[in-house]
Amino acid sequence: MRVSLKSKLTASYILIIAMVVGLICFGVNITVKASFKNFVLERQEKQTHEIVEALIMNYGMDTGWDRNTLDIIGMNALQKGLVIEIKDPDGSLVWSAYEHNNGLCHAIISNMLSNMYTYSNRWEGEYKENKYSLQSDDKEIGTLITGYVGPYYFTDEELTFITSLNQTILIIGIASISIAILLGYFMSSRISKPLNIIANKAKLLSAGDYKKRLTLESNTKEILLLIDAINTLSQALENKESLQKQLTQDVAHELRTPLTSIQGNLEAMIDGIWEMDKARLLSCYDELERIKRMIASIETLSKVENDMVILKYEEFDLLALLKNITLNFYPTCKEKNIAIELEPCDEEVHMLGDKDRISQVFTNLISNGIMYSNSKQTILIKVFKNEKDIVIKVRDNGIGMREEELSYIFERFYRVDKSRSKHTGGMGIGLTITKSIVEAHNGSISVSSKEGAGTEFTLVFPRNVEDCIG
Ligand code: ADP
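From a predicted model like this one, the values you see are computed outputs, not experimental measurements. (Residues numbered from 1 in each chain as written. Predicted model: local features only at pLDDT ≥ 70, side-chain atom pairs only at ≥ 80, totals over all residues. Heavy atoms only, no water.)

S.K.: Would you mind going over the overall build of the protein chain with me for this structure?
M.R.: Assigned secondary structure in the protein chain consists of 11 helices and 11 strands. Relative to the 2.2 N^0.38 estimate, which gives 23 Å for 470 residues, the radius of gyration of the protein chain is 51 Å and therefore markedly larger than a compact globule would have. Its C-alpha atoms give the protein chain principal-axis dimensions of roughly 165 × 60 × 40 Å. Counting across all 470 residues of the protein chain, residues that qualify as buried make up 36%. (Helix = DSSP H or I, 4+ residues; strand = E, 2+ residues; numbered from the N terminus. Rg over C-alpha atoms; globule rule 2.2 N^0.38 Å. Buried < 20%, exposed > 50% of the residue type's maximum accessible area, 1.4 Å probe, protein only.)

Put into structure tokens, the structure is as follows:
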């Protein structure tokens, strides 16, 4: 069963508040019951004590009991819920509340009983009697019998207090649950609203709409992270899409230019405008070679990207390989008046990998370095080992790149400056192939560059031979 976040949150708020209010009611009831019971029992004892004192004071050793005062004491006790009788030491009745006002006695007792049953229908009490000996100057002057509803009883005022306390707790409970419903609705709306907007944005992304960004405001950290992730994703998808469009345009453009040139040359020769000499045929041939190279690059890239290249692993001396590559570049460097240096390394560096592919990686990096450097500049290659990795740096102090270009240069067909690559003949594939080969060896490649100051590529391969096998 699917339950909305709103219903879940509201239900949890109600549950928590209902539990808290229930516990408070239960606690208050238990405490009030216990303290009230003690208070009432103490009050009863105090009242009895006061009656005993009053009776002893009232008794005259010579005159005996004063009837009028007994009426007052007796009626006073009755008002407080005590039905009293006074007997002489020989047991004869001196004064009885029943005799004085039988109707009032029964009314008061039944009122007490009904109060106690109103308070609790499980109340287990009954009408009780206690006897107290009355003594004056160490002489027994009689017996006091008190009748009451026991073990304890509540007066009308006390019952009203308890009832209104319970009502207040009930009102607080109802108010708290109403607040819980409102709060749950409000809080869940605050959370579910942005989530719904984000879900809709994700749907738009899957439908190919990458343009708009989420501009939601929220003070929930997780929601902000989600918004950020979705915006980064749409930016990445938008970039990918524009690169894809760029790719089709580039391939079409790159192929059209040499083909138009070949077509123009051939047409001119067919129409007899130009003579079919060796130089013109060679120019057509060069253009065809360029197209062939381009198609070969695209093929290599697609193979590398689709894991179709099977790496032939062997252990080889990396320094010796780099030395060889630099030697091969000497003639080109000499031609451009560029120096190429392989910094000496104290220890031997052996690596497990596909030697030809690794060689292709460094050839690409060094040829780029030479291509984007000017006369009298230097290409420096540095190799060292740390605890876990083999690190190789290829640095030049050539024309460099802008910071914002760096995240794209490993993308397929990305060229920093179209006119720059036209001049150099590059297609923007070299670094993509380089990265794929490095990653196939479980390595990583990163770049740092500053326009006008130069570029440094850093390659990291695992030292542990088993980790090299991707
Ligand atoms: P290309 O074949 O066009 O050189 P790459 O994939 O090798 O393609 O490089 C992508 C882009 O990165 C190039 O357009 C180039 O401008 C830039 N680039 C690569 N290496 C360097 C470098 N060492 N110095 C400056 N720019 C570089």
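S.K.: What should I look at first to understand helix H10 (residues 430-440) in this one?
M.R.: Given 3.6 residues per turn, any residue in an α-helix points the same way as the ones three and four places further on. Within H10, burial applies to Leu-431, Thr-432, Ile-433, Thr-434, Ser-436, Ile-437 and Val-438. Looking one or two residues beyond H10, the residue adopting positive phi is Asn-442, at roughly 60 degrees.

S.K.: Mind showing me how you'd approach the packing of helix H8 (residues 355-371) against H10 here?
M.R.: Helix-helix packing is characterised by the crossing angle of the two axes and by the distance between the axes. Interaxial distance between H8 and H10 falls to 9 Å at its minimum, and their mutual angle equals 145 degrees. Judged by the sense of rotation from one axis to the other, the crossing of H8 with H10 is left-handed. Contacts between H8 and H10 involve Arg-357, Ile-358, Gln-360, Val-361, Asn-364, Leu-365 and Asn-368 from the former and Gly-430, Leu-431, Ile-433, Thr-434, Ile-437 and Val-438 from the latter. For the contact of H8 with H10, the class distribution of residues is seven nonpolar, five polar and one charged. (Axes fitted to C-alpha atoms, helices over the stretch in contact; angles between N-to-C directions. Left-handed = near helix turned anticlockwise from the far one by under 90°. Contact = heavy atoms within 4.5 Å. Nonpolar A, V, L, I, M, F, W, Y, C, P; charged D, E, K, R; others polar.)

S.K.: Could you clarify how one ought to interpret unusual backbone geometry in this entry?
M.R.: Glycine aside, negative phi is the norm for most residues, and most peptide bonds take the trans geometry. With phi around 50 degrees, Asp-137 is a residue other than glycine that occupies positive phi space. Assignment of secondary structure puts Asp-137 in the loop between strand S3 (126-136) and strand S4 (139-150). For Asp-137, a relative accessible area of 69% translates into the label exposed. Its identity is not glycine, yet Asp-138 carries a phi of approximately 60 degrees, on the positive side. In this fold, Asp-138 is placed in the loop between S3 and S4.

S.K.: I'm lost on helix H4 (residues 156-206) in this one. Help?
M.R.: Its 51 residues place the ends of H4 73 Å apart at the C-alpha level, agreeing with the 75 Å of an ideal helix rising 1.5 Å per residue. The largest bend along H4 reaches roughly 25 degrees and is located at Ser-189. One or two residues past the end of H4 sits Gly-208, with phi positive at roughly 95 degrees. (Expected span 1.5 Å × (residues − 1). Bend = angle between axes of the 7 residues up to and from the residue.)

S.K.: I tried to follow the sheet that holds strand S1 (residues 83-87) on my own but got confused; where do I start?
M.R.: Two orientations exist for strands paired in a sheet by backbone hydrogen bonds: parallel and antiparallel. The strand order across the open sheet formed by four strands is S2-S1-S4-S3, and the pairing between neighbours is antiparallel. Sheet topology places strand S2 (93-96) and S3 at the edges, where each strand pairs with a single neighbour. Neighbouring strand axes in the sheet, compared pairwise and without regard to direction, differ in orientation by 20 degrees on average. Direction of pairing for S3 relative to S4: antiparallel, over a ladder of 11 bridges. Residue pairing across strands places Glu-126 opposite Gly-150, the latter belonging to S4. Strand contacts of helix H1 (residues 5-58): S1, S3 and S4, with the helix running at about 150 degrees to S4, the strand carrying the most contacts. Against the sheet, helix H2 (residues 67-79) makes contact with S1 and S2, and its axis sits at roughly 45 degrees relative to S2, the strand it touches most. (Pairing = 2+ DSSP bridges.)

S.K.: Would you take a moment to explain the environment of Met-112 for this structure?
M.R.: On the secondary structure map, Met-112 appears in helix H3 (residues 97-119). For the pair Met-112 and Lys-292, spaced 180 residues apart in sequence, the C-alpha separation works out to 112 Å. The contacts of Met-112, once residues within four sequence positions are left out, are Lys-80, Gly-81, Val-149, Tyr-153 and Phe-154.

S.K.: Teacher, can you tell me more about the packing of aromatic side chains here?
M.R.: Here a ring pair, both rings aromatic, is described through the centre-centre distance and the interplanar angle of the planes. In this structure the tally under the stated criterion is two aromatic pairs. Centre to centre, the rings of Tyr-59 and Trp-65 are 4.8 Å apart; their planes meet at 65 degrees, and the pair counts as edge-to-face. Just as Tyr-59 is buried, Trp-65 falls in that class too. Aromatic pair Phe-410 and Phe-457: ring centres 6.3 Å apart, planes at 80 degrees, arrangement edge-to-face. Taken together, the residues span a long stretch of sequence, with Phe-410 in the loop between strand S9 (389-396) and helix H9 (418-424) and Phe-457 in strand S11 (residues 454-462) at a distance of 47 residues. Assigned by exposure class, Phe-410 and Phe-457 land together as buried. (Phe/Tyr/Trp six-rings, centres within 6.5 Å; stacked < 30°, edge-to-face > 60°.)

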